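These are the residues of each chain, in order.
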Amino acid sequence: MAHTIYDDGIWQRIIEKHNLKEIAIKLDVYQNPQKAKEMLNIFKHGLGYGKLSEIEKDFCTQLISIEFVEQDLLEMLVVTGSMHYSVGAGNYVEASMHLILEDFESSFEDFLYECKKRGKKIDNIKFSEAYEIFLYVIKLKIKYQVPYTKLFVRKLISLTPEGFKKENSLEVKEYFLEHNPKMLPEIQGELIL
């Protein structure tokens, strides 16, 4: 089953990411994502006229955008890129890939923020901890775990000081050998061994 922004472990992080914590608390939905989902369902039928307050309608308008950006955008980009690839429309494929990479960069920024929230520093975090946090951040995009993991490893290795690249690559390799050997061939090209 696919995750949604309303799932436990996702809702509050997404609300905070989009600077809606204060309004969510005011509407009593910060701890109750199902109430927010019900409110959105009311909004989708007649824009909530006569049933929702102005603040609730504004919140729902923002939720619609958040659902699209956080849940649906990546899937749409992949499908669009794949369709255009099949007919040889290279410019559209390139544009889709560019937007997918921007989405990954946004996820990486979310990862850095989550590390900071947890009191972890990127320059001395163990790969196993970093990857766990990254998987938490991309929970809505877990269908794309393989390519996002590949990009994640590439990004981490690129941020590693030159003298530690081999050591960090070895740590990554050992992690996947132990926890997910099927991922190793996917990320092998990103490692410096």
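Preceding block: the structure.
Scoring rules and cut-offs
- Residues numbered from 1 in each chain as written.
- Predicted model: local features only at pLDDT ≥ 70, side-chain atom pairs only at ≥ 80, totals over all residues.
- Heavy atoms only, no water.
- Phe/Tyr/Trp six-rings, centres within 6.5 Å; stacked < 30°, edge-to-face > 60°.
- Helix = DSSP H or I, 4+ residues; strand = E, 2+ residues; numbered from the N terminus.
- Buried < 20%, exposed > 50% of the residue type's maximum accessible area, 1.4 Å probe, protein only.
- Lys NZ or Arg CZ within 6 Å of the ring centre and 35° of its normal.
- Patch = residues over 30% accessible without salt bridge, like charges linked within 9 Å, V, L, I, M, F, W, Y side chains within 5 Å.
- Areas by Shrake-Rupley, 256 points an atom, 1.4 Å probe, with all protein chains shown as cover.
- Salt bridge = Lys/Arg side-chain N within 4 Å of Asp/Glu carboxyl O.
- Axes fitted to C-alpha atoms, helices over the stretch in contact; angles between N-to-C directions.
- Left-handed = near helix turned anticlockwise from the far one by under 90°.
- Contact = heavy atoms within 4.5 Å.
- Nonpolar A, V, L, I, M, F, W, Y, C, P; charged D, E, K, R; others polar.
- Parallel < 35°, antiparallel > 145°, perpendicular 65-115°, else oblique.

(A) Layout of the packing of aromatic side chains. Applying the stated rule across the entire model yields 17 aromatic pairs. With a centroid separation of 5.3 Å and an interplanar angle of 45°, the aromatic rings of F108 and F111 are classed as tilted. A residue pair is termed a helical-turn pair when its members lie 3 or 4 positions apart in one helix, as F108 and F111 do in helix α5 (residues 90-117) at 3 residues. Across the pair, F111 and F108 agree in class, each one buried. Taken together, the ring pairs connect F104, F108, F111, F127, Y131, F134, Y148, F152, Y175 and F176 into an aromatic cluster. Of note, R13 hangs over the ring of Y136, and the distance from its end group to the ring centre comes to 5.6 Å.

(B) Quick look at a nonpolar patch on the surface. Taken together, the side chains of F68, V69 and M76 define a hydrophobic patch exposed on the protein surface, amounting to about 250 Å² of accessible area. Following the sequence through the fold, V69 ends up in helix α4 (residues 54-86). Residue classification places V69 among the partly exposed residues on the basis of a relative accessible area of 37%.

(C) Structural view of the packing of α5 against helix α7 (residues 145-159). Remark: α5 packs on α7, axes separated minimally by 11 Å, with the N-to-C direction vectors making an angle of 65°. The handedness of the crossing between α5 and α7 is right-handed. Each of I100, L101, D103, F104, E105, S107, F108 and F111 in α5 lies in contact with α7, whose residues at this interface are Y148, L151, F152, K155, L156 and L159. Looking at the contact of α5 with α7 residue by residue, the classes come out as 10 nonpolar, 1 polar and 3 charged.

(D) How the structure looks around the packing of helix α6 (residues 127-137) against α7. At a closest axis distance of 11 Å, the pairing of α6 and α7 adopts a crossing angle of 135°. Here α6 is positioned oblique relative to α7, judged by the angle of their axes. Where α6 crosses over α7, the handedness of that crossing is right-handed. Facing α6, whose interface residues are F127, A130, Y131, F134 and L135, α7 presents Q145, Y148, T149, F152, V153 and L156. Of the residues contributing to the contact of α6 with α7, the split by class is 9 nonpolar, 2 polar and no charged.

(E) Region of the structure containing the pattern of salt bridges. Per the counting criterion, the structure on display carries 13 salt bridges. In this structure, E70 engages K17 in a salt bridge whose closest nitrogen and oxygen atoms are separated by 2.8 Å. Highlighted residues: E70 in helix α4 and K17 in helix α1 (residues 11-17), separated in sequence by 53 residues. Taking the relative accessible area as the measure of exposure, K17 reaches 27% and is therefore partly exposed. A salt bridge links K57 to E54; its shortest N-O distance comes to 3.0 Å. With K57 and E54 both in helix α4, this residue pair falls 3 residues apart, about one helical turn. A residue is classified by how much of its surface remains accessible, and E54, at 54% relative accessible area, is exposed. Salt bridges sharing partners connect three or more residues here, namely E16, E114, K117 and R118.

Structural measurements only, silent on function.
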